[in-house]
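Results of the structural survey
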Amino acid sequence: MPAKKRTVRIGNWYKSDDEKVHFIRKRKAPRPSKLRKIVPGQVLILLSGRFQGKRVVFLKQLKSGLLLVTGPFKINGVPLKRVNSAYVIPTSTKVDVTGVNATQIDDDYFKRTQAQRRKNEQGFWAKRGELTAEQQATEKTRLEGKRNTQKSVDAALITAIKKTQLLKQYLGARFTIGKTTRPHELVF
Amino acid sequence: MFRFRREDLYQMNIINQYIYDICLTSLFKKIKRIFKQQKKFVLLEMVLTKFVEVGRVVKINYGPQEGKLATIVEILNDKRVLIDGPTTGVQRQVIPIRRLTLTKFNLKGATRGARTGVITKAIKKNDPIAQYQNTLAAKKVAKKALRAKLTDFDRFRVMILRKRRSALLSTQLKALRKNNAGGKLAAQAKGGNKKK
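Residues numbered from 1 in each chain as written. Chains lettered and ligands numbered in written order. Predicted model: local features only at pLDDT ≥ 70, side-chain atom pairs only at ≥ 80, totals over all residues. Heavy atoms only, no water.

- Chain B is annotated in an unreviewed UniProt entry as KOW domain-containing protein of Paramecium sonneborni.

- Looking at an unreviewed UniProt entry, one finds chain A named 60S ribosomal protein L6, with Paramecium sonneborni as its source organism.
- Quoted straight from UniProt, the Sequence similarities (unreviewed entry) entry for chain A says "Belongs to the eukaryotic ribosomal protein eL6 family." (UniProt positions renumbered as here; feature names shortened; annotations may be inferred.)

What follows is the structure, encoded as structure tokens:
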């Protein structure tokens, strides 16, 4: 008779006291978060990070669950960026994004390259010159590519934005809270 | 100006009669004129003008029907009334007077204990609720409600428009000041910018 398959796993590794167990992520692939009624073309207000308070245009949700947004760069300096939907206020203003082609962009677009990692590895005192000439050249072309992608995605957006009065200025301004604003009463 | 007590006015009335009897018509006319003025003055002196009465249009201050208008149909005691607001969605109900604000409008044709149909007919003839919406108080409430509904983009637009209007006004004011150097400034007409 074949041995009954053990249903309970018995470990053969017993931890000693002074070993710290680091957080082990059980789920390998990120689960895309459910989008709470955010529509492509909607203006979002970023709540954290370098671009706090900036109003940006939402393009699409990436596989990782993060939201792909863009300033557009020319208008408020926010590039193509991934943003966590928890740190965002969706407003009711929508921009027409039918002409915008952001299908090429996915999570890999934002992955750090070897050269970048090497630069980060070297630490605080690392200078650009630390990269080899070949790496510098690839970096240059990579950045050029990014600039072009940004331009091509933003071009259609900016023409759509220009159609509405004051929308360009609106996206260029930051959202602020003053002494008398009551955020819980504001309608976005 | 003269300040006469009510007793004095009665006295004046008596004097009126007496003088009339003597047929001093010109003096009588003068006194009558004074009496009329005083009577008017006395009427203006009345501090309380809005009464809880049948037909009074009221605004509900408290409860689920807050902010709606209705008409007083019957007075039950010194604290409760029966109101009805068929055109404003207020069901016929007994409500404490404490929960109401009296408006200065009266519904003509409302009789004591009138049924909803009668009230509706009276409103159709002469709508005091529409008149109320034109008052400053109602407009302020409407403005506040509109402002609460503004979206983020709307608030931004309002801010920009207010700035523009202010800039326009200041340039106008400067020009006026220049022209009227030393004289009195005329009242400014507000610009035509749309402001919520």
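Having seen the model, we can carry on.
**Some words on helix 6 (residues 152-179) of chain B**
- An ideal rise of 1.5 Å per residue puts 40 Å on 28 residues; helix 6 of chain B measures up with 41 Å between its terminal C-alpha atoms.
- Taken together, the buried residues of helix 6 of chain B touch strand 1 (42-46), strand 2 (55-61), strand 5 (88-94) and helix 4 (167-172) of chain A. (Helix = DSSP H or I, 4+ residues; strand = E, 2+ residues; numbered from the N terminus. Expected span 1.5 Å × (residues − 1). Contact = heavy atoms within 4.5 Å.)

**Remarks on a nonpolar patch on the surface**
Residue and element names in this part refer to chain B.
- Taken together, the side chains of Val47, Leu48 and Phe51 present a nonpolar region at the surface, about 350 Å² in accessible area.
- With respect to the helices and strands, Phe51 occurs in the loop between helix 2 (25-45) and strand 1 (56-60).
- The partly exposed category is assigned to Phe51, whose relative accessible area is 39%. (Patch = residues over 30% accessible without salt bridge, like charges linked within 9 Å, V, L, I, M, F, W, Y side chains within 5 Å. Areas by Shrake-Rupley, 256 points an atom, 1.4 Å probe, with all protein chains shown as cover. Salt bridge = Lys/Arg side-chain N within 4 Å of Asp/Glu carboxyl O. Buried < 20%, exposed > 50% of the residue type's maximum accessible area, 1.4 Å probe, protein only.)

**Notes on the sheet that holds strand 5 of chain A**
Residues and elements named next belong to chain A.
- Read from one edge to the other, the open sheet built from 5 strands follows the order 4-3-2-1-5, with strand pairing classed as antiparallel. In the strand order of this sheet, the two ends are held by strand 4 (81-83) and strand 5, each with one partner. Neighbour to neighbour, the strand axes of the sheet diverge by 45° on average, direction disregarded.
- Of the strands in this sheet, strand 2 and strand 3 (67-70) are in contact with helix 3 (residues 133-163), which crosses strand 2 at around 120°. (Pairing = 2+ DSSP bridges. Axes fitted to C-alpha atoms, helices over the stretch in contact; angles between N-to-C directions.)

**What to know about the sheet that holds strand 1 of chain B**
Residues and elements named next belong to chain B.
- Strand order in the open sheet formed by 5 strands is 4-3-2-1-5, with antiparallel pairing between adjacent strands. Single-partner strands in this sheet number two, and they are strand 4 (90-96) and strand 5 (100-106). Sheet twist, expressed as the mean angle between neighbouring strand axes with direction ignored, is 40°.

**Looking at the UniProt feature "domain: KOW" (unreviewed entry) in chain B**
- Under the UniProt annotation, "domain: KOW" (unreviewed entry) lies at residues 51-78 of chain B.
- Spanning residues 51-78 of chain B, this segment combines 0% helix with 43% strand, and its end C-alpha atoms are found 12 Å apart.

**A short note on the pattern of salt bridges**
- Scanning all chains against the criterion turns up 11 salt bridges over all chains.
- The closest approach of N and O atoms between Arg182 of chain A and Glu185 of chain A, which form a salt bridge, is 3.5 Å.
- Residue class for Glu185 of chain A comes out partly exposed when judged on its relative accessible area of 47%.
- Note that Asp84 of chain B and Arg92 of chain B form a salt bridge whose closest N and O atoms lie 3.1 Å from each other.
- Taking relative accessible area as the criterion, Asp84 of chain B reaches 2% and is therefore assigned buried.

**Overview of the side chain of Thr151 of chain B**
- Along the chain, the position of Thr151 of chain B falls in the loop between helix 5 (136-148) and helix 6.
- Judged by relative accessible area, which is 16%, Thr151 of chain B ranks as buried.
- Thr151 of chain B has contacts with Ser92, Val187 and Phe188 of chain A, leaving out every residue within four places of it along the chain.

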